[in-house]
Amino acid sequence: MDEITESLDHLEKEKITVDIGWANIFSIIILIPITLIYGLPYYLIWANELFFKNFSFHKTVGSSFIFLLVLIIGIVAHELIHGIVFALFAKRGFKSIKFGVMWKMLTPYCHCNEPLKVRQYIIGALMPAIVLGLIPAVFAIVMGNISLLIFGIFFTMAGAGDFLVSYALRKEKGDTLVEDHPSEAGCYVYRPIQKTEKN
């Protein structure tokens, strides 16, 4: 038993997870508001050059092969970003990071097997949506690039499960320890054991 595991022995453990099926449904639900949030500014700025006027599949998303390739690279990057951020906070760095795929749901994952503080965990959970979703969407709006806008919308939507897990941890103290769940979307939360007073 290592030092990190021993430090958790005196704490109460609670499992907080999100159903993968619900996370996939939620990603579809949030597609409309995300498209409006990113698409409305894009439309207001670039209405005179709206891509529908000169729509060309090859000029926007490219061929189906290239589009698929970009999505695969983005999905890999999504998990890699999780891993990099978690590793920055973990005492053992990348030795605590594991990548894999939940084949039943065809869902790739990044697992950190070392406990982190809640604020660190949430930063690691949300960072892919920020780097691959929000930032590309902002650049798309500034530059009028519809391909980048579609990319930003998709990879913000891809963070649905991360949004749900982060929301579930919203009431936890920032320095509370959480340990990533090894096979489900979520984590274990460690809190001091509440002692009950005896009369």
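Structure's up top.
A brief look at the structure comes next. What you see is a predicted model; the values in this text were computed from it and never measured.

1. Some details on the packing of helix α6 (residues 118-143) against helix α8 (residues 160-168)
Two elements in contact, α6 and α8, have axes whose closest approach is 9 Å; the angle formed by their N-to-C orientations is 155°. As summarised for this structure, α6 and α8 are arranged roughly antiparallel, according to the angle between their axes. Both α6 and α8 take part in a crossing whose hand is left-handed. Here Tyr121, Ile122, Ala125, Leu126 and Ala129 of α6 come into contact with α8, specifically with Asp162, Phe163, Val165 and Ser166. Looking at the contact of α6 with α8 residue by residue, the class counts come to seven nonpolar, one polar and one charged.

2. Looking at the packing of helix α3 (residues 31-46) against helix α7 (residues 146-157)
Direction vectors running N to C along α3 and α7 enclose 150°, while the axes themselves pass 10 Å from each other. Accordingly, the angle class assigned to the pair α3 and α7 is roughly antiparallel. For the element pair α3 and α7, the recorded crossing hand is right-handed. Together, Leu31, Ile34, Thr35, Tyr38, Gly39 and Tyr42 of α3 and Ile146, Leu149, Gly152, Ile153, Thr156 and Met157 of α7 make up the contact between the two elements. Counted by class, the contact of α3 with α7 contains eight nonpolar, four polar and no charged residues.

Scoring rules and cut-offs
Residue indices begin from 1 for each chain and proceed along its sequence in written order. With pLDDT at 70 or above as the cut-off, local features in this predicted model cover only qualifying residues; side-chain atom pairs require 80 or more to be listed or tallied, and sums for whole chains, interfaces and linings still use all residues. The side-chain figures draw on all heavy atoms in the structure; neither hydrogens nor water molecules are used. For helices, the axis comes from a line fit to the C-alpha atoms of the stretch in contact; other axes are also lines fit to C-alpha atoms, and the angle between any two N-to-C directions lies between 0 and 180 degrees. Strands are runs of DSSP state E lasting at least two residues, helices are runs of H or I lasting at least four, and both sets are numbered from the N terminus onward. Roughly parallel means an angle under 35 degrees; roughly antiparallel, over 145; roughly perpendicular, 65 to 115; everything else is oblique. Left-handed describes a crossing whose near helix is turned anticlockwise from the far helix by less than a right angle; the clockwise case is right-handed. Residue contacts are counted whenever heavy atoms from the two residues lie within 4.5 Å of one another. Only Asp, Glu, Lys and Arg are considered charged in this grouping, and only Ala, Val, Leu, Ile, Met, Phe, Trp, Tyr, Cys and Pro are considered nonpolar; every other residue, Gly among them, is considered polar.

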